[in-house]
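Structural features, examined
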Amino acid sequence: MQKQDIPLSWAAFQDVNRRRRAIRDFDGQLIPDEQVRALLSEATQAPSSGNLQPYRLHWIRDAGVRARIATACNGQRAASSAPTLVVIEASREIALDTAALQLNFIEGSNDMTERGKNYHRGQMRMFGRVLRLGSWPIWTPLVSIVGLFKPSLSLLPIGHLGSRAWAARNAAFAAQTLMLAASASGIDSCPMEGFSAPKIAQVLGLPRGTVIPVVIALGYRAPEARVDVKWRRPIADVIVEH
Ligand SMILES: Cc1cc2nc3c(=O)[nH]c(=O)nc-3n(C[C@H](O)[C@H](O)[C@H](O)COP(=O)(O)O)c2cc1C
């Protein structure tokens, strides 16, 4: 990228970032399929731990299914008025499948350098081991106890809860990328955590216990949509300089 392009991208980014608001009333206008597909595919560009992309993006296209998902979102207006809903599913199992796919890609790539391949092989081996060993049920009580002395353990994909938190954390990056991509296309969004995960899992045929970090409503804001005055903590409170 040329140096002189940077200010333009900055202005564009700020515009997109600030245009994104949690919108809870959509006007019913449909988003063209190819546009939704483009947004979802952009979301997959998000970073993830070990590039393991431990999520699936469920694009709810069927009107009947969408109505049932909206009900499972506790009837929130954002969900019931949105023409498009995306349910994010995350899991360690998806990460393990990705590791195998990624290894295939690495071995078959003519473009990667041997140095790059070695780095990524090492990463896949390490993550594969952690994800597999971390699934042993014994870790769940162990992490609860050892975590008292070493709390950072709770952020690793070790044990039942650690794996869920790790998968959800990774999926959040895709969720935010999706909302920024939407904003850049003039499409509004609302992230939602107010839903019944067991009900959504049932509607989509996902195993009970599936991690659903967030459901995202997409659409065009209704003229009467409430857009709250934006408030953020004072910068001096958030940014800590060392
Ligand atoms: C993880 C997460 C869960 C949220 N859940 C809901 C929700 O269930 N319903 C809702 O109306 N808004 C929800 N929001 C939106 C927040 O209320 C909103 O982002 C926040 O008030 C800041 O407003 P802004 O996004 O317009 O800047 C959620 C946001 C996040 C990040």
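Summary of the structure given here. In every chain, residue numbers begin from 1 and rise along the written sequence. Whole-chain, interface and lining totals are the exception, using all residues; otherwise, since this is a predicted model, local features are given only for residues with pLDDT of at least 70 and side-chain atom pairs are given and counted only at 80 or more.

As for the nonpolar core
- The term nonpolar core means buried Ala, Val, Leu, Ile, Met, Phe, Trp, Tyr and Cys residues held together as one set by C-beta atoms within 7 Å. For every residue, the other C-beta atoms within 10 Å of its own C-beta are counted; 20 or more classify it as buried, 12 or fewer as exposed, and values in between as partly exposed. C-beta atoms are placed from the backbone. Judged by nonpolar contacts, the single largest core of 48 residues is most densely connected at Ile69, Ala79, Ile88 and Leu178.
- For every residue pair, C-beta atoms are placed from the backbone, and the pair is scored as a contact if these atoms sit within 7 Å. With sequence-adjacent residues up to four places away left out, Ala79 is seen in contact with Ile69, Ala70, Cys73, Leu85, Met192, Val215 and Ala217.

Quick word on helix α8 (residues 159–184)
- Helix and strand definitions follow DSSP, with helices as H or I runs of at least four residues and strands as E runs of at least two, each counted in order from the N terminus. In this analysis, the expected span of each helix is defined as 1.5 Å times one less than the number of residues it contains. Here α8 contains 26 residues, and its C-alpha end-to-end distance of 38 Å stays within 8% of the 38 Å for a straight helix at 1.5 Å per residue.
- With its phi angle positive at about 80°, Gly186 sits one or two positions after the end of α8.

Details of the packing of helix α3 (residues 63–72) against helix α9 (residues 197–204)
- At a minimum axis separation of 9 Å, α3 and α9 run at an interaxial angle of 170°. Here α3 lies roughly antiparallel to α9, going by the angle between them. The two elements α3 and α9 meet at a crossing, and its hand is right-handed. Counted together, Val65, Arg68, Ile69 and Ala72 of α3 and Lys199, Ile200 and Val203 of α9 form the full contact between these two elements.
- Residue classes follow a fixed rule: Ala, Val, Leu, Ile, Met, Phe, Trp, Tyr, Cys and Pro count as nonpolar, while Asp, Glu, Lys and Arg count as charged, and any other residue, Gly among them, counts as polar. Looking at the contact of α3 with α9, its residues break down into five nonpolar, no polar and two charged. Orientation is described by lines fitted to C-alpha atoms, with helices fitted over the stretch in contact, and by angles between N-to-C directions that extend from 0 to 180 degrees. When describing relative orientation, an angle under 35 degrees is termed roughly parallel and one over 145 degrees roughly antiparallel, while 65 to 115 degrees is termed roughly perpendicular and anything else oblique. Throughout, a crossing is termed right-handed when the near helix is turned clockwise from the far one, and left-handed when it is turned anticlockwise from it by less than a right angle.

Some thoughts on the packing of helix α7 (residues 139–149) against α8
- Taken N-terminus to C-terminus, the directions of α7 and α8 make an angle of 85°; their axes are 6 Å apart at the nearest point. If you check the angle between α7 and α8, you find them roughly perpendicular. Packed against α7, whose contacting residues are Trp139, Thr140 and Val143, the element α8 presents Gly159, His160, Leu161 and Gly162 at the interface.
- Tallied by class, residues from the contact of α7 with α8 come to three nonpolar, four polar and no charged.

As for the sheet that holds strand β1 (residues 55–60)
- A pair of strands is treated as paired once DSSP finds two or more bridges between them. If you walk across this open sheet you meet the four strands as β1-β2-β4-β3, and the pairing is antiparallel. The open sheet has two edge strands with one neighbour each: β1 and β3 (188–192). Strand-to-strand twist across the sheet, computed as the mean angle between neighbouring axes with direction ignored, equals 20°.
- In the sheet, β3 pairs with strand β4 (residues 215–219) via five bridges, with the strands oriented antiparallel. Bridge pairing links Cys190 to Ala217 in β4.

Details of unusual backbone geometry
- Phi angles above zero are rare outside glycine, and Asn51 is one such case at about 55°.
- Relative to the helices and strands, Asn51 is located in the loop between α2 (33–43) and β1.

Digging into the environment of Gln123
- Positionally, Gln123 belongs in helix α6 (residues 114–133).
- When the C-alpha positions of Gln123 and His58 are compared, they lie 28 Å apart, and in sequence the two are 65 residues distant.

Any functional reading would require information that these geometric values do not contain.
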